[in-house]
Amino acid sequence: RTGSHINQVKEAYKSRYGRDLHQDLNDSTQGDYQTMLTSLCQGIRPETSVVEKELATKEADELYKAGAGMQGCDCNVWIKILCMRSYPQLCATFKEYSRLHGQDFLLDILQDTSGHLKDCFGTTVKVAMETPLYFAEAAYKAMKGLGTDEDRLIRVLVSRSEIDLQDVKDAFQRMYSGSLAQWIKDDCSGYFCKALLEIIG
């Protein structure tokens, strides 16, 4: 989400519940997970497409030293970089991480964390690396196995419908057997199925 969108979410939350989202996150979580969520909630990520190569190299090394390059991990370093840099800048940093250290940052960060914090870090990295791929995976997870997670599937399709839904459909086709439309037809029925097919076009 962009900073402006996060601010809209906070305003909608305040309007609906009469409460401050940042404060509620702070009150209901703790530790590094709390720090990560409240940092993301500030909506301070730049929306620029400009990439600073030297900064990417410097912060790739910082990410490594804060995790795979040490015993344990320094989540504060990860949180600062993951929450304060633009997605294009993060992509450049992850590429530098692989070039410098011969390892994948996503795999390293998932190995060094657990629980909700692991999910939060993993989601942030996946969205930065390739947003459509992340949402294609989310749509797949909503439909795989027995039953359908309808709320999750609706969130994915509606949230991307005016942004990059065609890219999400293309990513889904590459990753899974069959198109997104075919999966919806096989997994859903009735007016719900028709509505979803209308959304994806």
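Residues numbered from 1 in each chain as written. Predicted model: local features only at pLDDT ≥ 70, side-chain atom pairs only at ≥ 80, totals over all residues. Heavy atoms only, no water.

Undergrad: Any chance you could explain a nonpolar patch on the surface here in plain terms?
TA: Together, Ile154, Val158 and Ile199 give the surface a local cluster of nonpolar side chains, amounting to about 210 Å² of exposed area. Within the secondary structure, isoleucine 154 sits in helix α10 (residues 150–160). (Patch = residues over 30% accessible without salt bridge, like charges linked within 9 Å, V, L, I, M, F, W, Y side chains within 5 Å. Areas by Shrake-Rupley, 256 points an atom, 1.4 Å probe, with all protein chains shown as cover. Salt bridge = Lys/Arg side-chain N within 4 Å of Asp/Glu carboxyl O. Helix = DSSP H or I, 4+ residues; strand = E, 2+ residues; numbered from the N terminus.)

Undergrad: I tried to follow the layout of surface pockets on my own but got confused; where do I start?
TA: Gaps left between atoms show up when a probe the size of a water molecule is rolled over them. Within this model, the second largest pocket holds a volume of roughly 150 Å³. What lines the second largest pocket is Leu106, Lys126, Met129, Glu130, Leu133, Tyr134, Glu137 and Met175. When residues of the lining of the second largest pocket are traced back to their parent elements, those giving at least two are α8 (115–129) and α9 (131–143). If one sorts the elements of the lining of the second largest pocket by residue count, α9 sits on top with three residues. Partitioning the lining of the second largest pocket into residue classes produces five nonpolar, no polar and three charged. (1 Å grid on protein atoms, 1.4 Å probe; cavity = no way out; pocket = protein on both sides within 12 Å on 5 of 7 lines; lining within 4 Å. Points joined across faces, edges and corners; volume = space filled by probe spheres on them. Nonpolar A, V, L, I, M, F, W, Y, C, P; charged D, E, K, R; others polar.)

Undergrad: Any chance you could explain the state of the cysteines here in plain terms?
TA: Cysteine pairs can be linked by a disulfide, which is a covalent bond between their two sulfur atoms. Across all of its chains, the model carries zero disulfides by this definition. Not part of a disulfide, cysteine 73 finds its nearest cysteine sulfur in cysteine 75, a span of 3.7 Å. (Disulfide = S-S within 2.5 Å.)

Undergrad: Can you help me understand the packing of α9 against α10 in this one?
TA: Packed helix pairs are characterised by how far apart their axes lie and by the angle those axes make with each other. Between α9 and α10, the shortest axis-to-axis distance is 8 Å and the interhelical angle comes to 150°. With respect to their mutual orientation, α9 and α10 come out roughly antiparallel. In the crossing of α9 with α10, the sense of the turn from one axis to the other is left-handed. Touching Thr131, Phe135, Ala138, Ala139, Lys141, Ala142 and Met143 of α9 are Arg152, Leu153, Val156, Ser159 and Arg160, all from α10. When the residues that make up the contact of α9 with α10 are grouped by side-chain class, the tally is seven nonpolar, two polar and three charged. (Axes fitted to C-alpha atoms, helices over the stretch in contact; angles between N-to-C directions. Parallel < 35°, antiparallel > 145°, perpendicular 65-115°, else oblique. Left-handed = near helix turned anticlockwise from the far one by under 90°. Contact = heavy atoms within 4.5 Å.)

Undergrad: Is there a simple way to think about the nonpolar core in this case?
TA: Across soluble globular proteins, nonpolar side chains show a tendency to be buried alongside one another. Ranked by internal contacts, the top residues of the largest apolar core, which has 26 residues, are Met36, Trp78, Leu82, Phe94, Phe105 and Phe121. Within the residue set of this core, elements represented by two or more residues are α2 (21–28), α3 (31–41), α4 (53–65), α5 (75–84), α6 (87–101), α7 (105–112) and α8. By residue number, the principal contributor to this core is α5, which donates seven residues. Discounting chain neighbours no more than four positions away, the residues touching leucine 82 are Met36, Arg45, Leu90, Phe94, Phe105, Ile109, Phe121, Thr124 and Val125. Counting 21 residues, the second-largest nonpolar core is a separate cluster that includes Ala142, Met143, Phe172 and Cys188. (Core = buried A, V, L, I, M, F, W, Y, C linked by side-chain atoms within 4.5 Å. Buried < 20%, exposed > 50% of the residue type's maximum accessible area, 1.4 Å probe, protein only.)

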